[in-house]
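Chain and residue survey
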Amino acid sequence: MPEPFDTRYETPPETPYATHDGPEAIAPSVGGGGAPALAASGAQTLESGSRRGPWRARWPRGTPGGGPAAPGARGLWSDAWRDLRRNPVFIVSALVILFLVVIAIRPQLIASGNPYQGDLAKAQDGPAPGHPFGYDLQGRDVYTRTVYGARASITVGICATAGAALLGSVLGGLAGLFGGWWDALLSRIADVFFGIPILLGGLVFLSVVTSGSVWPVVGFIVLLGWPQISRIARGSVVAVKQHDYVQAARALGAGSGRTLLRHIAPNALAPVIVVATIALGTYVALEATLSFLGVGLKPPTVSWGIDISTAATQIRNAPHMLLWPAGALSLTVLAFIMLGDAVRDALDPKLR
């Protein structure tokens, strides 16, 4: 006679039950609820060889919202770096910028002359042995002055960009995070600065400054440059703070400061970096323009804008005086703009 309830059924070999040794385990769906029902709704990746039991899942750290990440998954920054390394535009522009930064720090590496020493007997002379770019109006070596002129332009560009990006990111991030009257106040202040023409503001602001160093120019560019980055940062923060992982962090009791620094800022930083990189080339050109107009850097500071302004009146008699500093300025601005475009293509998911 058979037993009333026959339990001698074998498990089909194609149905893998949870074991302690397998890398993955899927629970059989029996009954009507509990842990097996949850496991049946979606497979969970378990820790291989775990001794804590087959049902204790291992959740990778650093995934948005605490969810599981696929094996070998990469984030935005790793994907962007991979794309940048394969982009020839980024490689060329980065090498040019690296070279410019090196000669700005140590111009003596490729120019052994004195940019202030001149010989009036050689004024406006063309290229000569040891002086491939010729001489300017005061008999100074154009090659040496072109090399030393990179220091002022690179310093103004990097310092102004860093200051504008820092100030704009902080103010814009706070406005996007808190909203309300703080957002309205910062937006109206930014609108006031947006309404000031940058060249006209430079002529008015820098005309009363007697110092010819780079710091008044840097301060002026930061003063008028932060609103643009502030708007970008505000919009990015507003978009990021509505994501599920930010809401989950708040639900778990994370404060505003921790939420901003750990969850919002890292994911809202990409647009700010793109805009700041492109703006760096614009600030280099702006410094040269203000120096050309006589309100930016002033002698004895060596600047491409000053040399272009001096050579503009002698373009027919000595075009080499204008060609080399203008070419160096154009190459620098182009390198930074190309770098910004490459970074934008790598960090913008919509362009993938």
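Only a predicted model underlies this, so the values are computations on that prediction, with no experimental measurement involved.

Helices and strands together make up the secondary structure of the chain, namely eleven helices and zero strands. The linear arrangement of helices and strands in the chain, starting from the amino end, is α-α-α-α-α-α-α-α-α-α-α. Of all 352 residues assigned to the chain, the portion counted as buried reaches 38%. Looking at the chain alone, contacts between residues at least 24 apart form 65% of all its contacts between residues at least 6 apart. For the chain, the exposed surface amounts to about 20200 Å²; the carbon and sulfur share of it is 63%.

Here the chain averages 78 in pLDDT, while 77% of its residues score no lower than 70. Within the chain, the lowest mean pLDDT, 40, falls on helix 1 (residues 34–40), and the highest, 94, falls on helix 3 (residues 88–105). Taken together, the stretch residues 1–71 has pLDDT below 50 and engages in 46 contacts with residues farther than four places along the chain or on a different chain.

For the rest of this paragraph, the subject is the packing of helix 3 against helix 11 (residues 320–347). Running from amino to carboxyl end, helix 3 crosses helix 11 at an angle of 135°, the nearest separation of the two axes being 8 Å. Judged by the angle between their axes, helix 3 and helix 11 are oblique. Crossing geometry of helix 3 relative to helix 11 is assigned as left-handed. Of the residues in helix 11, those touching helix 3 at V89, F90, S93, V96, I97 and L100 are L331, T332, A335, F336, M338, L339 and A342.

Take empty space enclosed by the protein next. For the coordinates displayed, the defined rule picks out two cavities of 30 Å³ or more. Computed from the structure, the largest cavity encloses a volume of approximately 100 Å³. The wall of the largest cavity is formed by D136, R140, D141, V142, R145, T146, D307, T310, A311, M321 and P325. Elements supplying a minimum of two residues to the lining of the largest cavity: helix 4 (142–178), helix 10 (304–311) and helix 11.

A side chain with one charge may pair with a side chain of the opposite charge, provided their charged atoms come close. A complete count under the given rule lists eight salt bridges for this structure. The closest approach of N and O atoms between R145 and D307, which form a salt bridge, is 3.0 Å. Residue R145 is located in helix 4, and its partner D307 is located in helix 10; the two are separated by 162 residues in the primary sequence. Summarising the burial analysis for this pair, R145 and D307 share the class buried. Between R231 and D191 there is a salt bridge whose closest N-O contact spans 2.2 Å. Linking R231 in helix 7 (residues 214–240) with D191 in helix 5 (residues 180–194), this pair joins segments that are 40 residues apart in sequence. Each member of the salt-bridge network shares a partner with another, and the members are R188, D191 and R231.

For helix 4, which comprises 37 residues, the first-to-last C-alpha distance of 54 Å matches the rise-based estimate of 54 Å (1.5 Å per residue) to within 8%. Here helix 4 starts with a cap whose side-chain oxygen sits 3.4 Å from the backbone nitrogen of Y143, and that cap is D141. Where helix 4 terminates, the next one or two residues include G179, which has phi positive at roughly 65°.

Attention now goes to the packing of helix 10 against helix 11. Between helix 10 and helix 11, whose axes approach to 9 Å, the crossing angle comes to 145°. Crossing handedness for the pair helix 10 and helix 11: left-handed. When helix 10 is examined against helix 11, the residues W304, D307, I308 and A311 are found in contact with a partner set consisting of M321, L322, P325, A326, A328, L329 and T332. Broken down by class, the residue content of the contact of helix 10 with helix 11 amounts to nine nonpolar, one polar and one charged.

About the criteria used
- Residues numbered from 1 in each chain as written.
- Predicted model: local features only at pLDDT ≥ 70, side-chain atom pairs only at ≥ 80, totals over all residues.
- Heavy atoms only, no water.
- Helix = DSSP H or I, 4+ residues; strand = E, 2+ residues; numbered from the N terminus.
- Buried < 20%, exposed > 50% of the residue type's maximum accessible area, 1.4 Å probe, protein only.
- Contact = heavy atoms within 4.5 Å.
- Areas by Shrake-Rupley, 256 points an atom, 1.4 Å probe, with all protein chains shown as cover.
- pLDDT = per-residue confidence, 0-100.
- Axes fitted to C-alpha atoms, helices over the stretch in contact; angles between N-to-C directions.
- Parallel < 35°, antiparallel > 145°, perpendicular 65-115°, else oblique.
- Left-handed = near helix turned anticlockwise from the far one by under 90°.
- 1 Å grid on protein atoms, 1.4 Å probe; cavity = no way out; pocket = protein on both sides within 12 Å on 5 of 7 lines; lining within 4 Å.
- Points joined across faces, edges and corners; volume = space filled by probe spheres on them.
- Salt bridge = Lys/Arg side-chain N within 4 Å of Asp/Glu carboxyl O.
- Expected span 1.5 Å × (residues − 1).
- Polar contact = N/O pair within 3.5 Å; in protein donor to acceptor, adjacent residues only side chain to side chain.
- Nonpolar A, V, L, I, M, F, W, Y, C, P; charged D, E, K, R; others polar.

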